[in-house]
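The lines below spell out each chain.
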Amino acid sequence: MAALDKILTVDEMKQKARRSVPKMFFEYADSGSYTEGTYRDNESDFNRIKLRQKVAVNLEGRNLSTEMLGKAVTMPVAIAPAATGGMQIADGEIKAAKAAEAYGIPFTLSTMAVCSIEDIAENTSAPFWFQLYVMRDRGFIERLIDRAKAAECSALVLTMDLQILGQRHKDIHNGLSTPPKFTPYSIWQMMQHPIWCARMLGTRRHTFRNIVGHVDGDHDLASLSAWTASQFDPTLNWADIAWVKQRFGGPVIVKGVLDPDDAQAALDHGADAIIVSNHGGRQLDGAPSTIRVLPEIIERVGHKTEVYLDSGIRSGQDVLKAMAYGAKGTFIGRPMLYGLGAGGEAGVTRVLDIIAKELDTTMALCGERDILNVGLHNIYSNDIPPRNAYPR
Ligand SMILES: Cc1cc2nc3c(=O)[nH]c(=O)nc-3n(C[C@H](O)[C@H](O)[C@H](O)COP(=O)(O)O)c2cc1C
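Predicted model, so just to flag it, every value in this text is computed and none were measured.

K.L.:
Explain the overall build of the protein to me, please; I cannot follow it from the model alone.
P.N.:
For the protein, the helix and strand inventory stands at 16 helices and 12 strands. Since a compact globule built from 392 residues should have a radius of gyration of about 21 Å, the 20 Å found for the protein is in line with a globular shape. Within the protein, buried positions represent 58% of all 392 residues. Within the protein, residue pairs in contact and separated by at least 24 positions form 75% of the contacts whose partners lie at least 6 positions apart. Accessible surface for the protein amounts to roughly 15800 Å². Of this, 53% is attributable to carbon and sulfur atoms. Taken as two groups, the 43 positive and 46 negative side-chain charges of the protein have centres that lie 4 Å from each other.

Take a look at the structure:
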């Protein structure tokens, strides 16, 4: 793992992950839906925003720490929920959760994780956030919420942009499944990565452990993927926030908002915070990048709630830009998965180090000492104009 020190950017981490992880799992992470246009725009729109350099400012005593949902964080970056982190490397979600805990940032476990809620609770001590997909089997969802509560998760992240699945062509071409199906092509993909295979043989965590053994009926592993895909509930609507919230009894963050009216509706129905997200370009291909819609959402609800952003964050510069437009925090999905694939817990820690260092240096060269003071004055926003009634 020493080579991780030599990795200087998230993109270099991605290349190392590409070399370390079987193709079907690497490409599961590195894909968007259909043409992947939104996936690409998420990253390229950040690059259009230029930063305003300021000089001759005392830069001593800089601060990146802030709060997300009332809890101190060492920087405004949280780990996004991502399915099958445990297929990038054995026990992946446990490793990412440990890295996040040590760093002092929130970790969010996906409903579709390989490691279960209980696995994370047993292996960490900081409270984590649990991401909920609402499924047709509401009895199962109630039990899932109860398990998150029993594990003392401090927030639920309710994902509302995946009632049906956007198609990702690469997954179909690669014959992706969790647990892996043993076809000649998948065996060939795995055999290219003997270290990955050896680690996988050393764990019993190979499937969706939040689900297996917790759903009614007798689902063998082969039918599990089909069961899961058919379970995403197309009837999910705003009114569901209330029962989720009531059952959980703690804060609910609504994830997947791209429209100001939806942001308002989420708040009207009880959301405690929202995540502006297009699922990393994996759902509605053709939707705008998140940084492009952030200003109108901040204008509408930024003075009433905490607005976070994900999709396309690849550097500390990107974090600073999102903060400049008014986000109160950001989430990283793929950078965490690439860190896992390239180096497990140490890989995720390295990703966090890279982003923190970039954020600190960028903030300083913009003439700011405190992340809380970052704002529109730090960017040239002609390409992505802020709106009128901006809260700061
Ligand atoms: C491989 C992969 C799996 C994901 N699985 C989930 C999931 O299970 N639940 C969810 O709410 N979002 C999921 N997401 C979306 C992320 O939470 C997040 O919105 C997205 O990754 C952010 O974009 P980024 O990857 O550019 O950082 C997934 C994203 C990826 C790349």
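Resuming the write-up.
K.L.:
Explain the site of the ligand here, please?
P.N.:
The immediate surroundings of the ligand are formed by 24 residues, with P81, A83, S110, T159 and D310 found nearest. At a separation of 2.7 Å, an oxygen atom of the ligand approaches a polar side-chain atom of T159. Here an oxygen atom of the ligand and a backbone polar atom of S311 are 3.4 Å apart. Within the complex, the protein chains bury 99% of what would otherwise be the 600 Å² of accessible surface of the ligand. Broken down by secondary-structure element, the contributors of at least two residues to the shell around the ligand are α2 (23-29) and α16 (334-365). At three residues, the largest contribution of residues to the shell around the ligand is made by α16. Residues belonging to the shell around the ligand are distributed by class as follows: 10 nonpolar, nine polar and five charged.

K.L.:
Would you mind going over the packing of aromatic side chains with me for this structure?
P.N.:
Any pair of aromatic rings gets described here by the distance separating the centres and the angle formed by the planes. As enumerated under the stated definition, the model contains six aromatic pairs in all. Between the aromatic rings of F25 and W196, the centroid separation amounts to 5.7 Å while the plane-to-plane angle is 25°, which identifies the pairing as stacked. One end of the pair, F25, is in helix α2; the other, W196, is in helix α10 (residues 194-201), and 171 residues separate them in sequence. The two residues F25 and W196 agree in class, both being buried. Members of the aromatic cluster, joined through ring pairs, are W129, Y308 and F331. Directly above the aromatic system of Y380 lies the positively charged group of R52, at a separation of 4.2 Å from the ring centroid. Over the ring of Y28 we find R282; its NZ or CZ atom is 4.7 Å from the centre of that ring.

K.L.:
Sorry if this is basic, but what is going on with the pairing of strand β8 (residues 252-257) here?
P.N.:
Consecutive residues of a regular strand have side chains that alternate between opposite faces of the sheet. Among the six residues of β8, six are classified as buried, and the element is accordingly described as predominantly covered. Taken together, the four bridges between strand β7 (residues 155-159) and β8 define a ladder with parallel strand orientation. Bridge pairing links L156 to V252 in β8. In this view, the connection linking β8 to its parallel neighbour strand β9 (residues 273-276) by way of helix α13 (residues 260-268) has right-handed handedness.

K.L.:
What is the right way to look at the pairing of strand β11 (residues 329-332) in this model?
P.N.:
Of the two faces of β11, the one carrying G329 and F331 and the one carrying T330 and I332 are both buried. Pairing of strand β10 (residues 306-309) with β11 involves two bridges; the strand directions are parallel. The residue bridging Y308 from the neighbouring strand is G329, located in β11. Read as a crossover between parallel neighbours, the route from β10 over helix α15 (residues 316-324) to β11 is right-handed.

K.L.:
What's the story with the nonpolar core in this structure? I'm lost.
P.N.:
The tendency in soluble globular proteins is for nonpolar side chains to be buried side by side. Membership of the largest hydrophobic core comes to 112 residues, with the highest contact counts inside it found for M75, L132 and I274. The leading source of residues in this core is α16, at 13 residues. Non-local contacts of I274, meaning those with residues more than four positions away in its chain, are made with I253, V254, V257, A263, A266, I297, V301, E306, V307 and Y308.

K.L.:
Would you mind going over the environment of T290 with me for this structure?
P.N.:
Topologically, T290 is positioned in helix α14 (residues 290-301). For T290 and K255, which are 35 residues apart along the polypeptide, the C-alpha to C-alpha distance reads 12 Å. What T290 contacts, discounting residues up to four positions off in sequence, is N42, L258, V276, S277, N278, L309, D310 and S311. Reaching out from T290, the side chain makes a polar contact with the backbone oxygen of D310 at a distance of 2.8 Å. At a separation of 3.2 Å, a polar atom in the side chain of T290 contacts the main-chain carbonyl oxygen of S311.

K.L.:
Is there a simple way to explain the packing of α15 against α16 in this structure?
P.N.:
Each pair of packed helices can be summarised by the angle the axes make with each other and by the distance between the axes. As a packed pair, α15 and α16 sit with axes 7 Å apart at the nearest point and diverge in direction by 60°. In terms of axis orientation, α15 runs oblique to α16. Crossing of α15 against α16: the hand is right-handed. On α16, the residues touching G316, Q317, V319 and L320 of α15 are I355, E358, L359, T362 and M363. Here the residues of the contact of α15 with α16 are counted per class, giving five nonpolar, three polar and one charged.

K.L.:
Whenever I open this one, the sheet that holds β11 confuses me. Can you help?
P.N.:
Strands belonging to one sheet form pairs held by backbone hydrogen bonds; the direction of such a pair is parallel or antiparallel. With parallel pairing, the eight strands of this open sheet are ordered in space as β4-β11-β10-β9-β8-β7-β6-β5. The outermost strands of the open sheet, each flanked by one partner alone, are β4 (77-79) and β5 (108-109). Against the sheet, α16 makes contact with β4 and β11, and its axis sits at roughly 155° relative to β11, the strand it touches most.

The rules behind each value
Residues numbered from 1 in each chain as written. Predicted model: local features only at pLDDT ≥ 70, side-chain atom pairs only at ≥ 80, totals over all residues. Heavy atoms only, no water. Helix = DSSP H or I, 4+ residues; strand = E, 2+ residues; numbered from the N terminus. Rg over C-alpha atoms; globule rule 2.2 N^0.38 Å. Buried < 20%, exposed > 50% of the residue type's maximum accessible area, 1.4 Å probe, protein only. Contact = heavy atoms within 4.5 Å. Areas by Shrake-Rupley, 256 points an atom, 1.4 Å probe, with all protein chains shown as cover. Lys, Arg positive; Asp, Glu negative; His and termini not counted. Charge placed at Lys NZ, Arg CZ, Asp CG, Glu CD. Near = heavy atom within 4 Å. Polar contact = N/O pair within 3.5 Å; in protein donor to acceptor, adjacent residues only side chain to side chain. Nonpolar A, V, L, I, M, F, W, Y, C, P; charged D, E, K, R; others polar. Phe/Tyr/Trp six-rings, centres within 6.5 Å; stacked < 30°, edge-to-face > 60°. Lys NZ or Arg CZ within 6 Å of the ring centre and 35° of its normal. Pairing = 2+ DSSP bridges. Right-handed = clockwise from strand over helix to strand, strands pointing away. Core = buried A, V, L, I, M, F, W, Y, C linked by side-chain atoms within 4.5 Å. Axes fitted to C-alpha atoms, helices over the stretch in contact; angles between N-to-C directions. Parallel < 35°, antiparallel > 145°, perpendicular 65-115°, else oblique. Left-handed = near helix turned anticlockwise from the far one by under 90°.

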